[in-house]
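Here is what each chain is made of, one letter per residue.
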Amino acid sequence: MIARFGISLTVGAFVTTFIIRSLSVKDYGIYTVLYSMIHYVSVIGSFGIPEVFRRFIPEAMQKKDYSLLRRLVLRGLILRVLLSVLTVGLMLLLHGPIGRLLKLENFLNYFSIFAFGIVLSLEAGLMTNVLHSLFLHKYSVIASTLHTIFRGASIYVLLKLDWGIQGILWAEVASWGMWTLLQVFFYYSKFLKRQPKTGTKTPFPMCRFFRYGGLSSLNELGSSVLSVSTDFFVITAFLGPAAVALYAFANRVIQIFANCMPHVMLIDVIRPTFFAKYAESGDKKHLAGMFNLLVKLSAFFVFPLAGGMYVLGGKMIAVVFKPEYMAAKPILWIMITLSAIGIFIHPTGLVLQAIEKVQIILYSKIFAVFNLIVELMVIRRFGVMSVVVVTCSAVLMKNVFCYYHMKRCTGIGVQWRALSIIGFNSGVMSLFLWALRPLVDSVFTLAMVSAGGIICYLFASFANKAFTAAERGSLNGVARYPVFVF
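Fair warning: this is a prediction, and the values are worked out from it, not measured in the lab.

Trainee: Provide a residue-level description of the pattern of salt bridges, including the pertinent values.
Mentor: Side chains bearing opposite charge may pair, as long as their charged atoms lie close to each other. Overall, the coordinates contain four salt bridges when judged by the stated rule. Among the salt bridges present, the one from Glu-59 reaches Arg-55, with a minimum N-O distance of 3.0 Å. Taken as a pair, Glu-59 and Arg-55 lie in helix 3 (residues 49-62) at a separation of four residues, close to a single helical turn. Glu-59 gets classed as buried once you look at its relative accessible area, which sits at 10%. In this structure Arg-55 comes out as buried when scored by relative accessible area, which is 2%. Between Lys-296 and Glu-471 there is a salt bridge, with its nearest N and O atoms 2.6 Å apart. Pair noted here: Lys-296 is in helix 14 (residues 284-320) and Glu-471 is in helix 22 (residues 469-479), with a separation of 175 residues, a long-range link. For Lys-296, a relative accessible area of 1% puts it in the buried group. For Glu-471, a relative accessible area of 10% translates into the label buried.

In structure tokens:
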């Protein structure tokens with residue numbers, strides 16, 4: 001998974017840069033709007049099928065219920081295609097109003113091509129969930145790498161042939177189609193063909209899957225309202241697109257660092273393992289152990305990142321990006337603080353999904369309504385910063401709500417002593433960085449000072465350990481080498 005991340009980061013960055021350089025500003029805007037439609041079609045036409053796959057395929061695999069697993073995958077893939085085609089078809093029928101709403105000329109010409117790509121993209125994503133849930137990550141990485149290379153080569157050739165934006169759209173359609181077929185092939189050859197088709201055919205728990213999928217679908221819809229995309233839309237509508245820049249910049253910086261965190265990169269390994277382990281034992285004590293291990297791992301990486309942002313955030317903006325973005329520093333501090341406070345929310349979500357209490361996650365989306373209403377009330381008077389504060393407050397309340405009900409249902413709590421140790425070690429690193437901060441005057445010195453801070457943090461974590469011997473043994477067992485000594 002880490003290898004896949006490196007490939008997609010390098011090749012993907014090159015392709016994105018090439019597209020931006022090759023297209024006009026207007027055409028790139030059209031391409032961005034079309035690409036964003038994938039998310040909305042997914043929200044409308046998924047009915048929680050990806051979440052059903054993530055939750056129940058590892059359970060069926062653990063119980064060796066291959067008959068149920070095969071039926072779940074087949075029916076889910078077919079239903080997703082039907083829902084996606086229905087949603088895309090409705091958008092094609094309403095192409096006139098949609099094109100006028102989005103201010104896109106010749107919308108039908110573009111969308112009639114990209115519609116195929118949306119359906120294939122969603123199927124490819126669903127097949128990725130299948131392979132990850134079956135722990136076939138190796139073959140998912142192979143398929144993803146071939147897709148990334150094929151996509152880049154196709155876009156490069158078609159743009160060189162002056163096909164313009166339509167060439168990019170056709171390249172996207174072809175690459176998503178290839179990606180889907182590759183993953184279907186690996187699913188068949190590496191799993192389906194190797195499993196016996198004989199044995200007792202267990203009943204298909206339609207009501208259980210339907211309930212879980214429906215609640216997950218509504219939850220995803222609420223999440224889209226609570227996302228920064230909604231903030232960008234509100235800011236643009238009231239203050240114009242230029243006002244979005246600082247918020248978008250801070251969010252992008254946080255996302256770049258967050259995507260490099262090991263616990264984020266390996267989430268497609270962590271999630272099925274979490275559900276499979278619980279399906280094996282059904283013991284909430286095991287849930288508590290996995291929950292606290294994930295919380296501490298998140299804190300181990302996020303706390304020092306937050307400390308580094310507090311001390312070196314301004315220097316980073318000045319030497320890496322542009323001094324014009326210095327006004328985004330307070331937004332950056334608020335968002336990284338929210339990230340540090342919210343380290344427990346993803347493990348909380350995994351616990352609630354494991355015990356099938358997804359309605360709690362859905363109920364927490366009431367804070368999305370709060371977020372939207374308050375934003376509309378304050379944006380004209382207090383500007384962009386008010387939107388940032390309101391959104392972060394709403395997300396924090398949502399996280400506390402989920403954690404409270406998770407603890408009430410399971411009795412699981414956070415090991416605060418371990419988190420305080422990680423926080424103390426991060427504080428030691430922050431003091432070290434503060435002493436070296438005056439030396440930072442270029443990208444090179446920023447990198448050197450940051451590397452020194454990382455070494456300081458690792459030494460402090462080694463001397464002042466936050467993880468138990470059992471937790472270190474579990475992590476080193478996965479790594480196969482005793483590298484985690486903290």
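Trainee: Could you give an account of unusual backbone geometry, naming the residues involved and the relevant values?
Mentor: One non-glycine residue, Phe-135, lies in positive phi territory at about 60 degrees. The residue Phe-135 is located in the loop between helix 6 (107-133) and helix 7 (137-160) in this model. Here the phi dihedral of Asp-162 falls at roughly 65 degrees; this positive angle occurs in a residue that is not glycine. Within the secondary structure, Asp-162 sits in the loop between helix 7 and helix 8 (164-190).

Criteria and thresholds
Note on numbering: residues in each chain are counted from 1, in written sequence order. Per-residue local features of the predicted model are confined to residues with pLDDT of at least 70, and side-chain atom pairs are confined, for both listing and counting, to 80 or more; whole-chain, interface and lining totals are unaffected and use all residues. Hydrogens and water are ignored here; the side-chain numbers use all heavy atoms of the structure. Salt bridge, as used here, is a side-chain nitrogen of Lys or Arg placed within 4 Å of a carboxyl oxygen of Asp or Glu. Secondary structure is summarised from DSSP: a helix means a run of H or I of at least four residues, a strand means a run of E of at least two, and numbering begins at the N terminus for each. Here's how the labels work: a residue is buried when its accessible area is under 20% of the maximum for its type, exposed when over 50%, partly exposed in between, all with a 1.4 Å probe on protein chains only.

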